[in-house]
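# A closer look at the structure
Each chain, written out:
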Amino acid sequence: KKKNIFETDLFAPLLELLPKEMPEREKRIITDHTRGAAFLLADGVRPSNKDRGYILRRLMRRVFVYESRSQISSHIFDAIVHDIVHEYGDFHPHTDGIGVGVYPELLRENNAIREEFFRERERFSKTLVRGLKELEKISDIQPASAFMLYETYGIPYEVIKEFGGERAEKLTREGFDAEFKKHQNISRAGSVAKFGGHG
């Protein structure tokens, strides 16, 4: 009789770890993205700027933006990661004989998951505050300026779109991705010119 997955016993306890005054939507994004990131890390994906690693980095960094903005202490966040690992990784036989905890790889990769979250937070926190300040200065956020914020400060598209508000009305995912591709092509052309295609 739940209205959505966030009311189920897999999510509700995680949401309760976050500050009461935090907007419900942000709590949901944090728990959902942290869970997704933990599973990707358990599968051996690592944050990077391409393919699966790019998706993982976007999930993690969006969480870190909220964590930083709401000044949530990192131990709250670590508790969420801990609970996700144990909720899904441990085996809890229920009275009806169905066991929760069908993802032992989460427990196996527990230390690696925590280390990667810590490392990515360290990497991102160096540029996050400056990046958000730069975002505030831009009066009309276009795909090119959004990509510059991503390229220079690592601010993900979702964060630029959300925090930019009305100033980011013209910004679309398609426009941002087109800038991203254009940049990849320029980089590729540069390395071909430099290494003669052997690179």
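Everything discussed here concerns the structure shown above.
First, a word on what this report is: a plain description of the structure on this page.

Definitions and cut-offs
Residues numbered from 1 in each chain as written. Predicted model: local features only at pLDDT ≥ 70, side-chain atom pairs only at ≥ 80, totals over all residues. Heavy atoms only, no water. Salt bridge = Lys/Arg side-chain N within 4 Å of Asp/Glu carboxyl O. Helix = DSSP H or I, 4+ residues; strand = E, 2+ residues; numbered from the N terminus. Buried < 20%, exposed > 50% of the residue type's maximum accessible area, 1.4 Å probe, protein only. Axes fitted to C-alpha atoms, helices over the stretch in contact; angles between N-to-C directions. Parallel < 35°, antiparallel > 145°, perpendicular 65-115°, else oblique. Left-handed = near helix turned anticlockwise from the far one by under 90°. Contact = heavy atoms within 4.5 Å. Nonpolar A, V, L, I, M, F, W, Y, C, P; charged D, E, K, R; others polar.

### Topic: the pattern of salt bridges
Scanning the entire structure with this criterion turns up 19 salt bridges. Salt-bridge contacts for E116 lead to R119; the nearest nitrogen and oxygen are separated by 2.7 Å. Residue E116 and its partner R119 are both found in helix α6 (residues 110–137); the two are separated by 3 residues, about one turn of the helix. A relative accessible area of 8% means that E116 is categorised as buried. Measuring nitrogen to oxygen at the nearest pair gives 3.0 Å for the salt bridge that ties R173 to E158.

### Details of the packing of helix α2 (residues 24–42) against α6
Helix-helix packing is characterised by the crossing angle of the two axes and by the distance between the axes. It is the contact of α2 with α6, at a shortest axis distance of 9 Å, that shows an interaxial angle of 120°. With respect to their mutual orientation, α2 and α6 come out oblique. Pair α2 / α6 crosses with right-handed handedness. For the pair α2 and α6, contact is made by T34, A37, A38, L41 and A42 and by I113, E116 and F117, respectively. Here the contact of α2 with α6 is composed, by residue class, of 6 nonpolar, 1 polar and 1 charged.

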